[in-house]
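One letter stands for each residue in the lines below.
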Amino acid sequence: IGSLRVRCILVDGGSSQARCEVPELGAGVAHTCLSKGVGESCWTYCQDGYVYIAERYICSRSAVGRPVLLPERRAIICEAVAAEAAAETSAAERRSSGGAAAE
């Protein structure tokens, strides 16, 4: 059985695919969610200096039929890492990869 692909058309009769707008996801959050159509997924992750587990988001239809970006499991909340801890982690990563750590 082949896979089924569905193309969502805007209700106003336009031929462009309905796209999700990316809401404000919070401090330190980066994403791959630009221009996702209904049924497409994307990832959110934390920028340098922040920590959390990446979360998958899906472009879905709201109760009123508008495209909306929703977390698959839970919303991402990136936590700021203390500057000392970030520098320590960076130095440890350089040492483990064989690079020289300037200390």
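Provided above is the structure to which this section pertains.
Residues numbered from 1 in each chain as written. Predicted model: local features only at pLDDT ≥ 70, side-chain atom pairs only at ≥ 80, totals over all residues. Heavy atoms only, no water.

### Considerations on the state of the cysteines
Then, in step 1: For the structure on display, the rule yields 3 disulfides.
Then, in step 2: There is a disulfide in this structure between C33 and C42, and the S-S distance comes to 2.0 Å. An S-S torsion of about 85° defines the bridge between C33 and C42 as right-handed. C42 matches C33 in its accessibility class, with the two residues each being buried.
Then, in step 3: Residue C46 pairs covalently with C78 via a disulfide, S to S 2.0 Å. Handedness here is read from the sign of the S-S torsion; for C46 and C78, about -95°, the answer is left-handed. Note that C46 is positioned in strand β2 (residues 41–46) and C78 in the loop between β5 (67–71) and β6 (79–80), a separation of 32 residues in sequence. Here C46 and C78 have matching classes, each one buried.
Then, in step 4: The connectivity of the disulfide bonds within the protein chain can be written as 1-5, 2-3, 4-6, using the sequence rank of each bonded cysteine. (Disulfide = S-S within 2.5 Å. Buried < 20%, exposed > 50% of the residue type's maximum accessible area, 1.4 Å probe, protein only. Helix = DSSP H or I, 4+ residues; strand = E, 2+ residues; numbered from the N terminus.)

### Some points on unusual backbone geometry
Then, in step 1: Positive phi is not limited to glycine here, since S35 has a value of about 60°.
Then, in step 2: Within the secondary structure layout, S35 lies in the loop between β1 (29–31) and β2.

### A short note on the pattern of salt bridges
Then, in step 1: One pass over the structure, following the stated rule, counts 4 salt bridges.
Then, in step 2: In this structure, the salt-bridge partner of E55 is R73, at a minimum N-O distance of 3.6 Å. Remark: R73 occurs in the loop between β5 and β6 and E55 occurs in strand β4 (residues 55–61); sequence separation between them is 18 residues.
Then, in step 3: Where E55 meets R74, a salt bridge forms, and the shortest distance between an N and an O atom there is 3.1 Å. One end of the pair, E55, is in strand β4; the other, R74, is in the loop between β5 and β6, and 19 residues separate them in sequence.
Then, in step 4: On the basis of relative accessible area, R74 is assigned to the partly exposed category, the value being 38%.
Then, in step 5: Sharing partners across several salt bridges, the network here consists of E55, R73 and R74. (Salt bridge = Lys/Arg side-chain N within 4 Å of Asp/Glu carboxyl O.)

### A word on the pairing of β2
The two faces of the sheet receive side chains in turn, since in a regular strand these alternate between them.
Then, in step 1: Only one face of β2 is covered, namely the face carrying C42, T44 and C46; the face carrying S41, W43 and Y45 is uncovered.
Then, in step 2: Note that β1 and β2 share 3 bridges and pair antiparallel. Bridge assignment links A30 to a residue of β2, and that residue is Y45.
Then, in step 3: For β2 and β4, the ladder comprises 4 bridges, and the chain directions are antiparallel. Of the residues in β4, the one forming a bridge with S41 is I58. (Pairing = 2+ DSSP bridges.)

In short, shape yes, function no, at least from these values alone.
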